[in-house]
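Examination of the molecular architecture
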Amino acid sequence: DYYDLPTPERSGYEFLGWFTAAEGGERVTSETVVTGDMTLYAHWGKSNDDFADAREITGMAGTLTASNVGMTSEEGEGNYHSSTATLWFSWTAPANGNNTIDTFGSNFDTMLGAYMGTGINNLTQIAFNDDSDGSVQSRVSFDVECGVTYFIMAGGYSSDTGDIILNWDLLS
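Throughout what follows, the structure given in this document is the object of discussion. Sequence order as written defines residue numbering, which begins from 1 separately in each chain. It should be noted that, the model being predicted, local features are given only for residues of pLDDT at least 70 and side-chain atom pairs only at 80 or more, the latter also being counted only at that level, while totals for whole chains, interfaces and linings use all residues. The side-chain numbers reported here are obtained from all heavy atoms of the structure, hydrogens and water having been left aside.

1. Considering the sheet that holds strand β6 (residues 97-102)
When DSSP finds two or more bridges between two strands, those strands count as paired. In this description a helix means any DSSP run of H or I spanning at least four residues, a strand means any run of E spanning at least two, and both kinds are numbered starting from the N terminus. Pairing within the open sheet is antiparallel, and its four strands lie in the order β4-β11-β6-β9. Edge positions in the sheet fall to β4 (61-67) and β9 (139-144), since each of these pairs with one other strand and no more. Each neighbouring strand pair of the sheet contributes to a mean axis angle of 15°, computed without reference to strand direction. Judged from the seven bridges that link them, β4 and strand β11 (residues 163-171) form a sheet pairing that is antiparallel. With axes taken as lines fitted to C-alpha atoms, and helix axes fitted only over the stretch in contact, angles between N-to-C directions fall between 0 and 180 degrees.

2. Describing unusual backbone geometry
Backbone geometry at Asp-131 places phi at a positive 75°, although glycine is not the residue there. Residue position: Asp-131 is located in the loop between β8 (123-130) and β9. You can call Asp-131 partly exposed: its relative accessible area is 36%. Despite not being glycine, Asp-133 has its phi angle at roughly 55°, a positive value. You can see Asp-133 is positioned in the loop between β8 and β9. Each residue's exposure class comes from its accessible area (1.4 Å probe, protein chains only) as a fraction of the maximum for that residue type: buried when under 20%, exposed when over 50%, partly exposed otherwise.

3. Details of the sheet that holds strand β7 (residues 110-117)
What the five strands build is an open sheet, ordered β3-β5-β10-β7-β8; its pairing is mixed. Both outer strands of the open sheet, β3 (55-57) and β8, are each paired with one neighbouring strand and no more. Neighbour to neighbour, the strand axes of the sheet diverge by 25° on average, direction disregarded. In terms of strand pairing, strand β5 (residues 86-92) meets strand β10 (residues 149-156) through seven bridges, oriented antiparallel. Each residue of the ladder has a partner; that of Thr-92, found in β10, is Thr-149.

4. Describing the packing of aromatic side chains
Between the rings of Phe, Tyr and Trp (Trp by its six-membered ring), a pair exists once the centres lie within 6.5 Å; its type follows the angle of the planes, with under 30 degrees stacked, over 60 edge-to-face, and the other angles tilted. Enumeration over the complete set of coordinates arrives at eight aromatic pairs. Centroid distance Phe-142 to Tyr-150: 5.6 Å. Interplanar angle 50°. Geometry classified as tilted. For the residue pair Phe-142 and Tyr-150, the accessibility class agrees, reading buried in each case. Pairwise contacts between aromatic rings join Phe-51, Tyr-80, Trp-88, Tyr-115 and Phe-151 into one cluster.

5. Re the side chain of Asn-48
By secondary structure assignment, the location of Asn-48 is in the loop between β2 (41-46) and β3. Note on Asn-48: relative accessible area 1%, which makes it buried. Pairing of N or O atoms within 3.5 Å defines a polar contact, subject to two protein rules: one partner must be a possible hydrogen donor and the other a possible acceptor, and residues neighboring in sequence count only if both atoms are side-chain atoms. A polar contact is formed between the side chain of Asn-48 and the backbone oxygen of Trp-88, at a distance of 2.7 Å. Contact criterion: two residues are considered in contact whenever any of their non-hydrogen atoms come within 4.5 Å of each other. Those residues within four positions of Asn-48 in sequence are excluded, and the remaining contacts are Glu-14, Asp-53, Ala-54, Arg-55, Thr-86, Leu-87, Trp-88 and Phe-89.

6. Topic: the environment of Met-38
In this fold, Met-38 is placed in the loop between β1 (13-19) and β2. Look at Met-38 and you get partly exposed, because its relative accessible area is 34%. Spatially, the C-alpha atom of Met-38 lies 7.6 Å from that of Thr-20, the residues being 18 residues apart in sequence.

7. Some remarks on the nonpolar core
What tends to happen in soluble globular proteins is that the nonpolar side chains get buried as a cluster. If you look at the biggest cluster of nonpolar residues, it comprises 25 residues, and the most contacted ones within it are Phe-89, Trp-91, Ile-101, Phe-142 and Leu-166. Only β4, β5, β7, β9, β10 and β11 provide two or more residues apiece to this core. For this core, the element with the most residues is β11, which contributes four residues. One finds Trp-88, Met-111, Tyr-115 and Leu-123 within the second-largest nonpolar core, a separate group that totals nine residues. As used in this record, nonpolar core signifies buried Ala, Val, Leu, Ile, Met, Phe, Trp, Tyr and Cys residues forming a set joined through side-chain atoms within 4.5 Å.

Structure (structure tokens):
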């Protein structure tokens, strides 16, 4: 079994995990059974460090894990929050209703914001939270309109970094 695999950093990219093949393959986790020598391959995805590169999330509900290790805040981002290590997501509401997004399960102190707009210097804050329900994780809830795209900022309090667990749930 693998227990403590390193988490590499690569500027402009998000580490997606260790896999058994250069393309595709199975993700290697602490539960992976190792029966002999094995070559591991790091898989990378385009970083959603900047607003313009927001990672699309979809559906009425979901959960994803992403790391803000090595991420920054871009010029203009400080107008909305004080985090210096952020990730951006875009989500288009599939129905009218109330969307709740949180970072419960993350392994560090998080901040979370929801915005509408067309660029980092042209955003309207819809909701923002730092430390929800007596924890260091964050939660925002806001009404949404079907077909409208919302931008979600998830980051660490000040310069905190780690694994962000992003959960969303639309009640229509």
